[in-house]
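Geometric and topological summary
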Amino acid sequence: MFGDSEKQKPTDAGPSPRGPEGKTPARGGLWQNALLLVGIVCLVIAGYQYFMRPPKLPVPEPADWSQVEPQARAYLQGLVKETRANPRDATHHAQLGLAFAANGLWPQAAACFANTVRLAPKEPLARYYLVVSLTQSGDAEKARSTLAELRQQFPDFPQGIYREAEVALAAGDLDMAAADYSRLMELAPDEWRGYAGLGEVRLKQGKSAEAVPLLEQAVQKDASAALAQHLLGQAYLQVGRTNEAAPRLQGPIPPRYPMPDPWGATLPGHMRLQRDVATLAQSFLLRGKPDEAVKMLSEAVQYDSNSVTLLGSLGVARQQAGDPQGAWKDLEHVLQIDSNNVPALVALSGVAIALGDAATANRTADRAMQLAPKLPQTFVAKANAELAATNSAGAITALRQALEVAPASGNLHFDIGNILLLNQNKPEEALAEYELAVAREPRLIPAHVRIAQIRLGQQRTNEALVAIRAARQFAPNDKTLESFEQAILSPPPPPGTTNTAQPTP
């Protein structure tokens, strides 16, 4: 096609490269091949960017940040900034979603979990928390369809099965609920919720005899599961076992909590609303970790130095952490803001006791009682102040006043019993108070133990055994209670006697 004059001639640099047939390829062909290779590479990269690489997803935020509490706002804005710097990362979107959820911003949480579903479609918890957020946001229809997708895509995901079972139970679809609870029992045999759920279905179906063993298994798996205990009480009542039912049916119907999961365990760490911080601090105090409560509350106070809720909680935490002077300062600050703040007065009375000032403790408790004569805590504060002044009779009088406004409290009877037993050496009168305590609050294990101790002192071993076994039904795995029962069953020989029994060969 082309003339000889168009052929490439050799140069002085040496022989030209030869093709497979000994011909020299055209220089333009080399460039074309190179350009073609570059083009293919670019297409591959572009295809990856478009089809394979996760997309940059928008990061939601509240329309008006000023409506968010200062500490929560600062915390969430920091997470929003981090997520915007990592828009393709599922973990960042999930963490932001959990933080929004923990602080009550459910629409924003739903948007974050929707992003997480796109970025991590194989993570069941992403779709699960999308269901939760949609439900809390009021989008029930979307929540139902998303739950159906979750169950279809992840048929062996226990938390999803449990949520579907609870939804079916609430809707009256007992067949679906029963199937889901049964499946949960197979997937999570150590989880009490499957057994309790199926037991509840059987109760609703009028099959009480079938419900009893299921609910007994639930309680065996977790004796602290209040809902399972309550349902077992209902089952016992329906089959005529009224004595066993009564202790489990005391008090209000327990709330229903979702099945634990790894993401849910992180939610408390994201909570920054004042009411939640105060509640978390209280949980630290109940677990004997006042230093953790002080740390959390001190940080929160930096965002609102005049919050009576935070300052009052901080004062209580400082007292328990061994800093009564710091507690006094915080509680005085509360009273400067609100001189009639009863919780602060009650707490200040306790701080005065810690500082050795029983007179101030009494005056402060008296003021609290005058301001809130229907609040039992004010009378308890007065009782503690009287005890600090070594006035046991005055303490008992204050506790009986508390009982007038809180007659269902077993703890108040327990406290009276302790004063009678430990301060006044009146075991018979104390026993009557302890028995009233467990009659009102059957789960009050320390009262059962006191009854057992007094009965042992009276040489009434059988009644002591009944008391300790009553405690063990609510804490079957408690080693201390188990040891106490064994000691009652196998008492040591009386002093001065010799055990002549021979060991079994």
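Structure first, text after, so check above.
Residues numbered from 1 in each chain as written. Predicted model: local features only at pLDDT ≥ 70, side-chain atom pairs only at ≥ 80, totals over all residues. Heavy atoms only, no water.

1. Brief notes about the side chain of Gln-274
Mapping Gln-274 onto the fold places it in helix α13 (residues 274–286). One polar contact links Gln-274 to Asp-304, side chain to side chain, over a distance of 2.9 Å. If we skip the residues at most four places from it in the chain, Gln-274 touches Glu-69, Asp-304, Ser-307 and Leu-310. (Helix = DSSP H or I, 4+ residues; strand = E, 2+ residues; numbered from the N terminus. Polar contact = N/O pair within 3.5 Å; in protein donor to acceptor, adjacent residues only side chain to side chain. Contact = heavy atoms within 4.5 Å.)

2. Section: the pattern of salt bridges
Counting across every chain of the model gives 23 salt bridges. Between Arg-275 and Asp-276 there is a salt bridge, and its shortest N-O distance comes to 3.9 Å. Taking the relative accessible area as the measure of exposure, Asp-276 reaches 16% and is therefore buried. For Arg-472, the salt bridge is made with Glu-485, and the minimal N-O distance between the two is 2.8 Å. Note that Arg-472 is positioned in helix α24 (residues 461–472) and Glu-485 in helix α25 (residues 479–489), a separation of 13 residues in sequence. On the accessibility criterion, Arg-472 (19% relative accessible area) is buried. Residue Glu-485 is classed as buried on the basis of its relative accessible area, which comes to 8%. Linked through salt bridges whose partners overlap, the residues forming this network are Glu-435, Arg-455, Arg-460 and Glu-463. (Salt bridge = Lys/Arg side-chain N within 4 Å of Asp/Glu carboxyl O. Buried < 20%, exposed > 50% of the residue type's maximum accessible area, 1.4 Å probe, protein only.)

3. Some points on the packing of helix α10 (residues 208–221) against helix α11 (residues 226–238)
With their axes 9 Å apart at the nearest point, α10 and α11 run at an angle of 150° to one another. Taken together, the axes of α10 and α11 are roughly antiparallel relative to one another. Crossing hand, α10 versus α11: left-handed. Residues Ser-208, Val-212, Leu-215, Glu-216, Ala-218 and Val-219 of α10 form the contact with α11, whose participating residues are Ala-228, Gln-229, Leu-231, Leu-232, Ala-235, Tyr-236 and Gln-238. Grouping the amino acids of the contact of α10 with α11 by side-chain chemistry returns nine nonpolar, three polar and one charged. (Axes fitted to C-alpha atoms, helices over the stretch in contact; angles between N-to-C directions. Parallel < 35°, antiparallel > 145°, perpendicular 65-115°, else oblique. Left-handed = near helix turned anticlockwise from the far one by under 90°. Nonpolar A, V, L, I, M, F, W, Y, C, P; charged D, E, K, R; others polar.)

4. Re the packing of aromatic side chains
Within the structure shown, the criterion is met by seven aromatic pairs. Between the aromatic rings of Phe-113 and Trp-263, the centroid separation amounts to 6.3 Å while the plane-to-plane angle is 25°, which identifies the pairing as stacked. One end of the pair, Phe-113, is in helix α4 (residues 106–119); the other, Trp-263, is in the loop between α12 (242–245) and α13, and 150 residues separate them in sequence. The same class applies to Phe-113 as to Trp-263, namely buried. Against the face of Tyr-162 rests Arg-193, its NZ or CZ located 6.0 Å from the ring centre. For Arg-272, the ring lying beneath its charged end belongs to Tyr-75, and the centroid distance is 4.0 Å. (Phe/Tyr/Trp six-rings, centres within 6.5 Å; stacked < 30°, edge-to-face > 60°. Lys NZ or Arg CZ within 6 Å of the ring centre and 35° of its normal.)

5. Considering helix α7 (residues 158–171)
Taking 1.5 Å of rise per residue, the 14 residues of α7 would be expected to cover 20 Å, and the 20 Å separating its terminal C-alpha atoms lies within 8% of that figure. α7 sits mainly inside the fold: 10 of its 14 residues count as buried. Of all the residues in α7, the buried ones are Gln-159, Gly-160, Ile-161, Tyr-162, Arg-163, Glu-164, Ala-165, Glu-166, Ala-168 and Leu-169. In this structure, the buried side of α7 is in contact with α5 (124–137), α6 (140–153), α8 (174–187) and α9 (192–204). (Expected span 1.5 Å × (residues − 1).)

6. Quick look at the environment of Leu-249
One can find Leu-249 in the loop between α12 and α13. In this structure Leu-249 comes out as partly exposed when scored by relative accessible area, which is 27%. For the pair Leu-249 and Leu-232, spaced 17 residues apart in the sequence, the C-alpha separation amounts to 8.8 Å.

7. Digging into the layout of surface pockets
Its boundaries defined by the atoms lining it, the largest pocket holds a volume of some 890 Å³. Contributing to the lining of the largest pocket are 32 residues, with Trp-106, Val-132, Gln-136, Arg-163 and Pro-258 lying nearest its centre. Contributions of two or more residues to the lining of the largest pocket are made by α3 (90–102), α5, α6, α7 and α13. Considering every element that reaches the lining of the largest pocket, the biggest residue donor is α5, with six residues. (1 Å grid on protein atoms, 1.4 Å probe; cavity = no way out; pocket = protein on both sides within 12 Å on 5 of 7 lines; lining within 4 Å. Points joined across faces, edges and corners; volume = space filled by probe spheres on them.)

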